[in-house]
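# Structural characterization, general
Spelled out from the first residue to the last, the chains are:
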Number of protein chains: 2
Amino acid sequence: MTARPTMHDVARLAGVSIKTVSRVVNDEPRVDPGTRSRVQAAIDHLGFRRNEQARSLRPGQSTALIGLVTGDMGNPFYSAIARGIEDVARQHGHLLLTASSEEQPERERQVIGAFLQHNVAGLIVVPTVLAHQTLTPDVLESLPVVAVDRPLSPPSAVDTVLLSNRDGAHRAVQHLLRDGHTRIAMIDGDPEVYTGRERTAGYLDALREAGLSPDRALILQGYHGDRQAEAAMHALLDLPTRPTAVFVTNNRIVVGALKAMHDRRHWLPLASFDDFEFADLLTTPITVVSYDPIEMGKQAGEQLFRRIGGSTLPPVHTQIQVALRTPADLRPGAGPSS
Amino acid sequence: MTARPTMHDVARLAGVSIKTVSRVVNDEPRVDPGTRSRVQAAIDHLGFRRNEQARSLRPGQSTALIGLVTGDMGNPFYSAIARGIEDVARQHGHLLLTASSEEQPERERQVIGAFLQHNVAGLIVVPTVLAHQTLTPDVLESLPVVAVDRPLSPPSAVDTVLLSNRDGAHRAVQHLLRDGHTRIAMIDGDPEVYTGRERTAGYLDALREAGLSPDRALILQGYHGDRQAEAAMHALLDLPTRPTAVFVTNNRIVVGALKAMHDRRHWLPLASFDDFEFADLLTTPITVVSYDPIEMGKQAGEQLFRRIGGSTLPPVHTQIQVALRTPADLRPGAGPSS
DNA sequence: CTGAAAGCGCTAACAG
DNA sequence: CTGTTAGCGCTTTCAG
């Protein structure tokens, strides 16, 4: 385990001062070409690599690190966002720290604290539901922060990247209405979560537009994760007067809803916010509100680097457009088996 | 944008020396309780946070950072591994850097180089296919490295966490054979990838065991991603004498195969390495080789921290067990719709 | 074009 | 129990 070479070692080998090595490493102009190549040779020979820790210790030099906090990096939606951010970070020569809050404000607080101790140059956060004790004004002033998928609560003047939640839900439910349904149920997760609230509002918009008044018995909220959503779907199927179609507000709930329908061998027309790869391969194809989570990450990353680059414009709020994909849209050219 | 407080600021406010502050921050024993609480008050008042960069600059003090390189953090399989690692890292007070190699050795090299510049305490890698120019002996000696999902090529003496690829494939194909199939096709991705090679071997094992000789026309290799896999499945369906069942070697290929069968409205019994949430909700349920990727990450993380903790045992090779899930296993208690 | 000296924020010695 | 000194690896003055 030989010690890692330092600029000092390189300088000694090349017969120059440490400062000249620094100049070569940083591609500074005023270096004699001969000296430069001699130093470069020494660098290559020793396998020297600049210590980022030491570099960023000097004032003004930020760590080439950005931090991402999501609810759960194991959730494909969040990891797709991470992927988009990573691409942008790489273009800017930065690395990405990732951590999961598990939707717990306390964990979010700890993680952000740890990121700050590592002097991240910026932060991208999918905020947890409750008040953000860590994203206090002084934190927000000390480094750029972008909120993705949900705004901060209480609302702060930070950049956001959000989906057209309300409009997407509106259109999905509209689609069911056009098919003649009038008893359309809805299953949502935590009604405190911004996305769920917005999508619920879109559902209500569509009903109102159609002149229908919402039926309390058909609006199920507070069903977290696929297991609880499964129970919710069973409850709907147990109703004396069943709904004729169902709208579900996210990619966890749709899994539970489908499982329940599968168990009961009873399929209701379904519309879901969030797309998934198998949507068109199911027993009954479903209508989905589709969008590109990688693009969300890219937008968030680009906005963050604009701030890191010094932009002081007023907060930017980016809307990511969503598309409705109905069973009729699927693979229109596909013919039957030959 | 006020400057971030340092130990110096805390020391001045508390009327002690900087070293005493350091002692309090690091929970060292020999500090007077009165002094300690006075310092703590100053810390709280200023919102002081130790600068990790500066701390880890001292020799012997490693950065509380570990690095993860996978093929694509947007792939749910890899992000699940990341999630498992993250949990272990947190328990050990470390943060996780993540990056995608896109299966390109050159990018892998760059990413690992960047991680090393940030003085990561350890590295977890899903190695790319070709030779690992970066994971050279001197790198492997300078910090702990764990390989997940695939061993290093050329083989090095590092810890690995691998699936029972060959056995899992063997059992999946065995299952098809027991259903009476004798013309079982196989679709694989890059035959250079370790997991694909092993799973192919398992497929051949099963055929041999059944006294069948492999049919070249039914073994399709080199189909990367779901698009190419879709074409492969079409090719199988175009064969003058079609196979009666198909085994696919990963979670990308199964998507393509299913799409092709769906387009043709022609479903062949299918077995897949890699499970997915919708396996039992499809038009024709399929047989899957199932395992827990989060657990893979946990095992890798725990092994890494054993090394970071100083373990010098010979390389540890952890096998993650896999389970066969057949359509008959699915939800046995579920009854028909009431 | 090149170098010497100072210091970033912190911790390990060694005094007191 | 507490403080002083030195120095981690690097970049920034400011002189040559």
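Residues numbered from 1 in each chain as written. Chains lettered and ligands numbered in written order. Predicted model: local features only at pLDDT ≥ 70, side-chain atom pairs only at ≥ 80, totals over all residues. Heavy atoms only, no water.

## A few points about the protein's contact with DNA strand C
Just so we agree on the cut-off: Being near a molecule or strand, for a residue, means having at least one of its heavy atoms within 4 Å of it. Any pair of N or O atoms that falls within 3.5 Å is considered a polar contact. Within protein, one atom must be able to donate a hydrogen and the other to accept it, and sequence-neighbouring residues count only if both atoms are side-chain atoms. Each residue gets one of three labels, nonpolar for Ala, Val, Leu, Ile, Met, Phe, Trp, Tyr, Cys and Pro, charged for Asp, Glu, Lys and Arg, and polar for the others, Gly among them.
Taken together, 26 residues sit near DNA strand C, with A:Thr20, A:Thr35, B:Met7, B:Arg58 and B:Gln61 positioned nearest. By atom count, sugar and phosphate contribute 67% of the portion of DNA strand C lying within 4 Å of the protein. Here a base nitrogen of DNA strand C and a side-chain polar atom of A:Arg58 are 3.2 Å apart. Residue classes in the surface near DNA strand C are distributed as 9 nonpolar, 8 polar and 9 charged.

## Topic: the UniProt feature "domain: HTH lacI-type" (unreviewed entry) in chain A
Filter applied, for reference: UniProt positions are given in the numbering used here, feature names are shortened, and annotations may be inferred rather than shown by experiment. In this description a helix means any DSSP run of H or I spanning at least four residues, a strand means any run of E spanning at least two, and both kinds are numbered starting from the N terminus.
Listed under "domain: HTH lacI-type" (unreviewed entry) in the UniProt record, and renumbered for this structure, are residues 5-59 of chain A. The distance separating the terminal C-alpha atoms of residues 5-59 of chain A is 24 Å; by composition the span is 62% helix and 0% strand.

## Description of the pattern of salt bridges
Here the idea is simple: oppositely charged side chains can pair when their charged atoms come close. Residues and elements named next belong to chain A. Put simply, the rule is: Any carboxyl oxygen of Asp or Glu within 4 Å of a side-chain nitrogen of Lys or Arg constitutes a salt bridge here.
Within this structure, the stated rule accounts for 47 salt bridges over all chains. Two residues, Glu103 and Arg150, come together in a salt bridge whose shortest N-O distance is 2.9 Å. Remark: Arg150 occurs in the loop between β4 (145-148) and β5 (159-163) and Glu103 occurs in the loop between β2 (95-100) and α6 (105-117); sequence separation between them is 47 residues.

## Some details on the environment of B:Val148
Residues and elements named next belong to chain B. Applied cut-off: Only protein chains enter the calculation, and the probe is 1.4 Å; a residue is then buried if its accessible area is under 20% of its type maximum, exposed if over 50%, and partly exposed in between. We call two residues in contact whenever any of their non-hydrogen atoms come within 4.5 Å of each other.
Looking at the element boundaries, Val148 is found in strand β4 (residues 145-148). Assessed through its relative accessible area of 0%, Val148 is described here as buried. The spatial distance from the C-alpha of Val148 to the C-alpha of Ile81 is 8.8 Å, given a sequence separation of 67 residues. The residues contacting Val148, other than those within four sequence positions of it, are Ile81, Ile124, Val125, Val126, Pro127, Val161, Met296 and Ala300.

## Some words on the interface of chain A and chain B
As a reminder of what qualifies: A 1.4 Å probe defines the accessible area here, and the buried area is the portion of it lost by two parts on being joined, summed over both.
The interface is formed by 64 residues belonging to chain A together with 65 residues belonging to chain B. Summed over both partners, the interface of chain A with chain B comes to about 6,100 Å²; 50% of that surface belongs to carbon and sulfur atoms. Across the salt bridge formed by A:Asp72 and B:Arg83, the nearest N and O atoms sit 2.5 Å from each other. Here chain A and chain B share 27 residue pairs in polar contact (both at pLDDT 80 or more) between them. Counting residues per element, the ones that place at least two in the side of chain A that touches chain B are α4 (52-55), α5 (76-91), β2, α6, α7 (137-142), α10 (225-238) and α11 (253-264) of chain A. The element best represented in the side of chain A that touches chain B is α6(A), accounting for 7 residues. Of the residues that constitute the side of chain A that touches chain B, the class distribution is 23 nonpolar, 19 polar and 22 charged.

## Notes on helix α5 (residues 76-91) of chain B
Note on helix geometry: an α-helix contains 3.6 residues per turn, so any two residues three or four positions apart are oriented the same way. Residues and elements named next belong to chain B. The condition that has to hold: To estimate how far a helix should extend, the number of its residues minus one is multiplied by 1.5 Å.
Taking 1.5 Å as the rise per residue, α5 with 16 residues should run 22 Å; its terminal C-alpha atoms sit 23 Å apart, in good agreement. The buried count for α5 comes to 13 of 16 residues, which makes it a mostly enclosed element. Capping the start of α5 is the job of one residue whose side-chain oxygen sits 2.9 Å from the backbone nitrogen of Phe77: Asn75. Trailing α5 by a residue or two, Gly93 shows a phi angle of about 70 degrees, which is positive.

## Considering the relation of the copies chain A and chain B
So the rule is basically this: The atoms used to superpose the copies are C-alpha atoms, taken from residues with pLDDT of at least 70 in both, and the fit is least squares.
When chain A is fitted to chain B, the residual RMSD is 0.1 Å, and the transformation amounts to a turn of 180 degrees plus an axial shift of 0.0 Å. The superposition of one copy onto the other is thereby described by a two-fold rotation axis.

## What about the sheet that holds strand β3 (residues 122-125) of chain B?
We count it as follows: For two strands to be treated as a pair, DSSP must find no fewer than two bridges joining them. In this analysis an axis means a line fitted to C-alpha atoms, helices contributing only their contacting stretch, and an angle means the value between N-to-C directions, from 0 to 180 degrees.
The 12 strands lie next to each other as β11(A)-β5(A)-β4(A)-β3(A)-β1(A)-β2(A)-β2(B)-β1(B)-β3(B)-β4(B)-β5(B)-β11(B), forming an open sheet whose pairing is mixed. Two strands in the sheet have a free side with no partner beyond their single neighbour: β11 (317-320) of chain A together with β11 (317-320) of chain B. Taken pair by pair, the neighbouring strands of this sheet meet at an average axis angle of 20 degrees, ignoring direction. The pairing of strand β1 (residues 65-70) of chain A with strand β3 (residues 122-125) of chain A spans 4 bridges and is classified as parallel. Its bridge partner being in β3(A), A:Leu68 is matched across the sheet by A:Ile124.

## Considerations on the domain arrangement of chain A
Residue and element names in this part refer to chain A. This is how the line gets drawn: Each domain's limits were defined by an automated method or a database of domain assignments.
The assigned domain composition of chain A is domain 1 (7-48), domain 2 (65-162 + 293-320) and domain 3 (165-291). Taken over C-alpha atoms, the centre of domain 2 sits 29 Å from the centre of domain 3. Between domain 2 and domain 3, the contact holds 9 residues from the first and 8 residues from the second. A per-residue breakdown of the area domain 2 buries against domain 3 is headed by Val129, Asp149 and Arg150, which together make up 42% of the total.

## Considerations on the pairing of strand β8 (residues 245-248) of chain B
Residues and elements named next belong to chain B. Formally: Classification remark: right-handed applies to a crossover when, strands pointing away from the viewer, the course from the first strand over the helix to the second runs clockwise.
The alternating pattern of β8 places Ala245 and Phe247 and Val246 and Val248 on opposite faces, both of which are buried. With 4 bridges connecting them, strand β6 (residues 184-187) and β8 associate as parallel partners. Among the inter-strand pairings, Ile187 is bridged to a residue of β8, identified as Val248. The pairing of β8 with strand β9 (residues 270-273) spans 3 bridges and is classified as parallel. Counted as the bridge partner of Phe247 is Ala271 from β9. Taken together, β8, helix α11 (residues 251-264) and β9 form a β-α-β motif whose crossover is right-handed.

## Here we look at the confidence of the model for chain A
Residue and element names in this part refer to chain A. The following threshold applies: Per residue, pLDDT measures the predictor's confidence, with a range of 0 to 100.
Residue-level pLDDT values for chain A average 90, and 95% of them are 70 or greater. Element-level pLDDT for chain A is lowest in α7, with a mean of 83, against a maximum mean of 98 in β2. pLDDT under 50 marks residues 331-338. Its contacts with residues more than four places away, or in other chains, come to 17 contacts.

## Some thoughts on the sheet that holds strand β10 (residues 287-290) of chain A
Residue and element names in this part refer to chain A. Strands sit in the order β7-β6-β8-β9-β10-β12 across an open sheet of 6 strands; the sheet is mixed. Strands at the two margins of the open sheet, each flanked by one partner only, are β7 (219-220) and β12 (323-325). Where strand β9 (residues 270-273) and β10 come together, 3 bridges link them in parallel fashion. Across the sheet, Ala271 pairs through a bridge with Thr287, a residue of β10. Lying over the sheet, helix α9 (residues 194-209) contacts β6 (184-187), β7, β8 (245-248) and β9, oriented at roughly 175 degrees with respect to β6.

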